[in-house]
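One-letter residues, chain by chain:
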Amino acid sequence: MSDPQPVYLSDYQPPAYQVTHTELTFDLDPAATRVKARLQIERHPSTDSQAPLVLNGEHLTLISLAIDGSPVSDTAYQLTDEVLHIADVPETFILESEVEISPSSNTALEGLYQSNGIYCTQCEAEGFRRITYYPDRPDVMATFKVTVIGNATSEPVLLANGNPIDQGVLENGRHFATWEDPHPKPCYLFALVAGNLHKVEDSFETVSGRNVALQLWVEQENLDKTEHAMASLKRAMAWDEQTYGREYDLDLFMIVAVNDFNMGAMENKGLNIFNSAAVLTHPSTATDAAFQNVEGIVAHEYFHNWSGNRVTCRDWFQLSLKEGFTVFRDQCFSADTNSAPVKRIQDVSFFRTAQFAEDAGPTAHPIRPDHFIEITNFYTLTIYEKGAEVVRMLRNLLGWEDFRRGSDLYFERFDGQAVTIEDFVGCMAEVSDVDLGQFMRWYSQAGTPEIDAHGEYDYAHGEYHLTLRQRTPATPGQADKLPLHIPIRMGLVGTKSGQDLTLTLSGEKLGSDAVIHLTEDEQRFVFSDVAEAPVPSLLRDFSAPVKLHFPYSREDLAFLLTHDSDGFNRWDAGQRLAMLALDDLIAAHRNGVEKVMDSRVVEAFRVLLTGSMSDKAVLAEMLTLPSEAYIAEQQPIVDVDAIHAAREFVRQSLAVALRDEFVAVYKANQSDDPYAPTPEQIAQRSLKNVALTYLMAIEDEEGVAFCETQFAAEHNMTDVRHALTLLVHSNRDDIASPALKAFGEKWAHDPLVMDQWFTIQVSRPQSDVLERVQYLMQHPAFSIKNPNKVRALIGAFAQNRINFHRLDGKGYTLLADVVIELNRLNPEIAARLVTPLTRWQRFDEERQQLMRDELVRIKQEPLSSNVFEVVEKALA
Ligand code: BES
Ligand code: ZN
């Protein structure tokens, strides 16, 4: 078999034939579902009349085929594993086909499959071709009418997109429902759900006074876990009206929860399908983080109704058009609903860890890739999160009002169309008169730009000179990079006054907080009328997705930590200060020198702990050290052991020095109030639990007692899980083992809690973790076919840096074994799971060799195009 071949953006051609209306009838059966399609097709006016009709179709058994009511003879069409080719078709016609598919044996979870007996679909990006023969591309948009026939007992509920228009009873215990979606849509937004589901119902009155029925469909035992998602949905609907002027456009909006799902959730028109982990919450089963995640995902999928569905992507190269914009929208929604600075801190800290790593590795790609083999490999942090950062930069460059006008124009002009990133950016340029020509490079250039900044205060002239130099490192296939348009929000903080000084640039007063534009390779900015020596506060609120280097002294950083007017940069100053200390300790560890704690870090933490900082959520973030993964990102060669040892040393030193302060913070933030996922409560819990984390770093007796009590109190999952995690990650197996056992037995019936039980155990630092993973893979609650379980056990293990990177290579072998097995069952998940191995270049030679050996072993298998593409790049 030949290697899978890439498709290129530059090869894009409009579709030769449009489908204007699609009618589908599903006769459901686990192993032999029949799908009848009746497609109204029109040749595109500029298409040659000889052009064949080419339809996608995979894993389908063709039963019959007819054009305008007459069967298509065997010689008139050609069938391959991937396409149906009909040489001669009229200008407009009706194509009827019938195929058979097997949902019960569909382990890839693309197309129509069964999850816990429930029939459901996942069509984005190219899953619809596993349902019927169709031009499976987003620029083919049709209205849909769908009839679902099922067993009245096992599938009492039959759902599809749009509005229900008919239903009835049939022979042999079967029944049917017919749905109609009046909005033309690409087939990737098609959805069907059938099974024994129960609903929670609510309603929303739109701004124009229309009443929308809201339904959340779940299995019976989950009916008590829907309240938060429903409340989040209503908040999101109101927010999109107020913030973007976007109103919902059907009379019904449904969300369905299923256990087996490759991603988090999917925005199918009027019928969103969710991974149960992304929608179900209950105070006793879900943590604060899970509550906030659900709120964000519910909003994200809802927001797609406009940014994605009403205006969709011309082709999959434009994926960031809908995902980057929608992530930006959901980030702003969550910031408005919760603590805005904390949301930004969490997003950026994740971004700088995970997206920077992607951008620096062998799978680095631009926000708009120019080729791919398998599109499911491109649902990446670059497309999503860097895409969102680029939209955020547009908002900042234009200001909110012009950005909103650009958004209005985009939705109005392109409603019902499949468009490109140029169309979106074009609207922004048109309403604002801002030249975004150079800015477009953000979409085509991969890699993280690095900025070297230098500053000098000229006492004699009262000037501050800031020099910025930018460079973007080479990435695969892109050796040379052009300078980008980088907006840098900044201030100059006076070291005497502690205040932001007024910024005057080329005689123009810009206020105390301003954006400067770096567009050249190197630029010098001269600020005048600077009355006192300042410390620059650069890249405020992370105004561009770049690495900014500035030779700050530790005194500068301690100063910014308390004086910067930008909350994000106050936090970042703390992170930079901690990083300087960590760098020294990593070096000490490597050189076998005694480790000495930097007292400035201790004092900075003491100020934080005893000071008057009122925002507990931000305080909790400021007291959290950079993660091992983030620290690793900063090192030229990753030394997993030194990083772990250095970070543990800092944690323990802080705990020893500030033990009483942590105890006081813990006690002051306990509460017996009934659980609510409010920002205030979440802030208080995170601060309390951060304090407890430090106490447990030294296994303080009182800390251990706090953990035991907190675990036993069972007040809410946030506290229970945190206490259990700290115990299991400590050396107090005497307490941890029975607690873990009790927890596992108590929640054996709840898959989402069992996922947490798996993760807690395989994230611990002790060296028995690999054996635990192997043992837990045999546990009855584990299944390799369920993506959540794979992520909770295997994915979590691969994040456990010191254990995954064991020097005997057994961590790598375990991961590769699972990848090889999943390659057959679920290629999409297999390709994601292999990621940690692709980062081999970052490690020492011994580990490099071990990781490469496993990649080579995987490559010898008969591979799916998904895994092939990733492994091929990793070994290139
Ligand atoms: N459209 C995606 C879901 C999707 C992605 C389906 C890839 C099939 C293949 C959806 O809108 C999405 O982006 N979901 C995210 C969550 C979101 C909050 C970023 C997910 O599923 O992780
Ligand atoms: Zn999305």
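Okay, so let's go over this structure. Just so you know, these numbers come straight off a predicted model, no measurement behind them.

### Concerning the site of ligand 1
For ligand 1, the set of nearby residues contains 15 residues, the closest of which are Glu 124, Gly 264, Glu 267, Glu 301 and Tyr 384. One nitrogen or oxygen atom from the main chain of Ala 265 is found 3.2 Å from an oxygen atom belonging to ligand 1. At a separation of 3.2 Å, an oxygen atom of ligand 1 approaches a polar side-chain atom of His 300. Relative to its unbound accessible area of 520 Å², ligand 1 is 88% covered by the protein chains. Of all the secondary structure elements, the ones that give two or more residues to the shell around ligand 1 are β20 (265-266), α2 (288-303) and α3 (319-337).

### Some details on the environment of Val 690
Within the secondary structure layout, Val 690 lies in helix α16 (residues 679-697). When its relative accessible area of 14% is taken as the criterion, Val 690 is described as buried. Aside from chain neighbours lying at most four places away, what touches Val 690 is Ala 620, Leu 623 and Thr 624.

### With respect to the pattern of salt bridges
Taken as a whole, this structure holds 69 salt bridges when the rule is applied. Here Glu 450 makes a salt bridge to Arg 471, at a shortest N to O gap of 3.8 Å. With Glu 450 in strand β25 (residues 450-458) and Arg 471 in strand β26 (residues 463-471), this pair connects stretches of sequence that are 21 residues apart. On the accessibility criterion, Glu 450 (15% relative accessible area) is buried. Taking the relative accessible area as the measure of exposure, Arg 471 reaches 44% and is therefore partly exposed. Between Arg 590 and Asp 639 there is a salt bridge whose closest N-O contact spans 2.7 Å. Of this pair, Arg 590 sits in helix α10 (residues 567-591) while Asp 639 sits in the loop between α13 (628-634) and α14 (640-657), and the two are 49 residues apart along the sequence. When salt bridges with common partners are traced through the structure, they connect Arg 489, Asp 500, Asp 513, Arg 540, Asp 564 and Asp 566 into a single cluster.

### Some details on the pairing of strand β8 (residues 83-86)
Of the two faces of β8, the one lined by Leu 84 and Ile 86 is fully buried and the one lined by Val 83 and His 85 carries no buried residue. For strand β4 (residues 53-56) and β8, the ladder comprises 4 bridges, and the chain directions are antiparallel. Residue pairing in the sheet places Leu 55 in a bridge with Leu 84 of β8. The turn joining strand β7 (residues 77-79) and β8, which pair antiparallel and follow one another in sequence, is formed by 3 residues.

Parameters at a glance
Residues numbered from 1 in each chain as written. Chains lettered and ligands numbered in written order. Predicted model: local features only at pLDDT ≥ 70, side-chain atom pairs only at ≥ 80, totals over all residues. Heavy atoms only, no water. Near = heavy atom within 4 Å. Polar contact = N/O pair within 3.5 Å; in protein donor to acceptor, adjacent residues only side chain to side chain. Areas by Shrake-Rupley, 256 points an atom, 1.4 Å probe, with all protein chains shown as cover. Helix = DSSP H or I, 4+ residues; strand = E, 2+ residues; numbered from the N terminus. Buried < 20%, exposed > 50% of the residue type's maximum accessible area, 1.4 Å probe, protein only. Contact = heavy atoms within 4.5 Å. Salt bridge = Lys/Arg side-chain N within 4 Å of Asp/Glu carboxyl O. Pairing = 2+ DSSP bridges.

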